[in-house]
Amino acid sequence: QVHLVESGGGLVQAGGSLRLSCTASGRRFSSYNMAWFLQSPGKEREFVAGIGWDGISTYYADSVKGRFTISRDNAKNSVHLQMNSLKPADTAVYYCAGFLGSSAVVVSGEADDYDHWGQGTQVTVSS
């Protein structure tokens, strides 16, 4: 129902910032719970941040709390991840993901709960 495309990745120095964007095509975007995951070569995808369809409910991995902010703009069918105070450990491919919500808002950190994924965007943080 939704096709996701990420952008905004790149190379930055430690302490710098990036803003990732995920643009969705398709209907019902405003009803989707969305999240960002990261993945390093040979490892499972790891939850970074999620935001419910309400645009209010959020959840962050401990490693990014206070540094990253997830937001969404339903009018533009987009979700964003503002990443500040970047560290070399943040280096990974970042994926946008979503699943259709229900009456209750669900912000899941489980990759298996998401059935729509973007192609990923590379974030590299140098020291």
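The shown structure was predicted, so the numbers you read here are calculated from the model rather than taken from an experiment.

Chemist: It is not clear to me how the overall build of the chain should be interpreted in this structure. Could you clarify?
Modeler: When its secondary structure is counted, the chain shows zero helices and eleven strands. On C-alpha atoms alone, the chain measures out to a radius of gyration of 13 Å, which is about the 14 Å that the 2.2 N^0.38 rule sets for 127 residues. Its C-alpha atoms put the chain at 45 × 30 × 25 Å along the principal axes. Across the 127 residues that make up the chain, the buried fraction comes to 42%. Taking all contacts inside the chain whose residues are at least 6 apart in sequence as the whole, residues at least 24 apart take part in 61%. Roughly 6400 Å² of accessible area belongs to the chain as shown, and the carbon and sulfur atoms make up 47% of that amount. Measuring between centres, the 10 positive side-chain charges of the chain sit 7 Å from its 11 negative side-chain charges.

Chemist: What exactly am I supposed to notice about the nonpolar core here?
Modeler: The nonpolar side chains of a soluble globular protein tend to be buried, and buried together. M34, W36, V48, L81, M83 and Y94 are the most contacted members of the largest nonpolar core, which has 29 residues in total. Those elements that place two or more of their residues in this core are β1 (2–7), β3 (18–26), β4 (32–39), β5 (46–51), β7 (68–73), β8 (78–83), β9 (92–100) and β11 (121–126). Not counting residues within four places of it along the chain, the set of residues in contact with M83 comprises G16, S17, L18, L20, R67, F68, Y94 and V123. Membership of the second largest hydrophobic core comes to six residues, among which are A35, F37, F47 and F99.

Chemist: I tried to follow unusual backbone geometry on my own but got confused; where do I start?
Modeler: Outside of glycine, negative phi angles account for most residues, and trans bonds account for most peptide bonds. One non-glycine residue, R28, lies in the positive phi region at around 70 degrees. Under the relative-accessibility criterion, R28 is labelled exposed at 52%. A positive phi angle, near 50 degrees, is found at N77, a position not held by glycine. Note that N77 resides in the loop between β7 and β8.

Rules of the game
Positions within a chain are numbered from 1, following the residues in the order the chain's sequence is written. Selection of residues for local features in this predicted model requires a pLDDT of at least 70, selection of side-chain atom pairs for listing and counting requires 80 or more, and totals for whole chains, interfaces and linings are taken over all residues. Based on all heavy atoms of the structure, the side-chain values leave hydrogens and waters out of the count. A run of DSSP states H or I qualifies as a helix once it reaches four residues; a run of E qualifies as a strand once it reaches two. Both are numbered from the N-terminal end. The size measure is the radius of gyration over C-alpha atoms, and the globule rule it meets is 2.2 Å times the number of residues to the 0.38 power. The buried label applies to any residue whose accessible area, calculated with a 1.4 Å probe on protein chains only, is under 20% of its type's maximum; exposed applies above 50%, and partly exposed to all values in between. Here a residue-residue contact requires only that any non-hydrogen atoms of the pair lie within 4.5 Å. Accessible areas in this description were obtained via Shrake-Rupley with a 1.4 Å probe; residue shielding takes into account the shown protein chains only. We treat Lys and Arg as the positive residues and Asp and Glu as the negative residues; His and chain ends play no part in the count. Each charge is placed at NZ for Lys, CZ for Arg, CG for Asp and CD for Glu. To form a nonpolar core, buried Ala, Val, Leu, Ile, Met, Phe, Trp, Tyr and Cys residues must be joined to one another through side-chain atoms within 4.5 Å.

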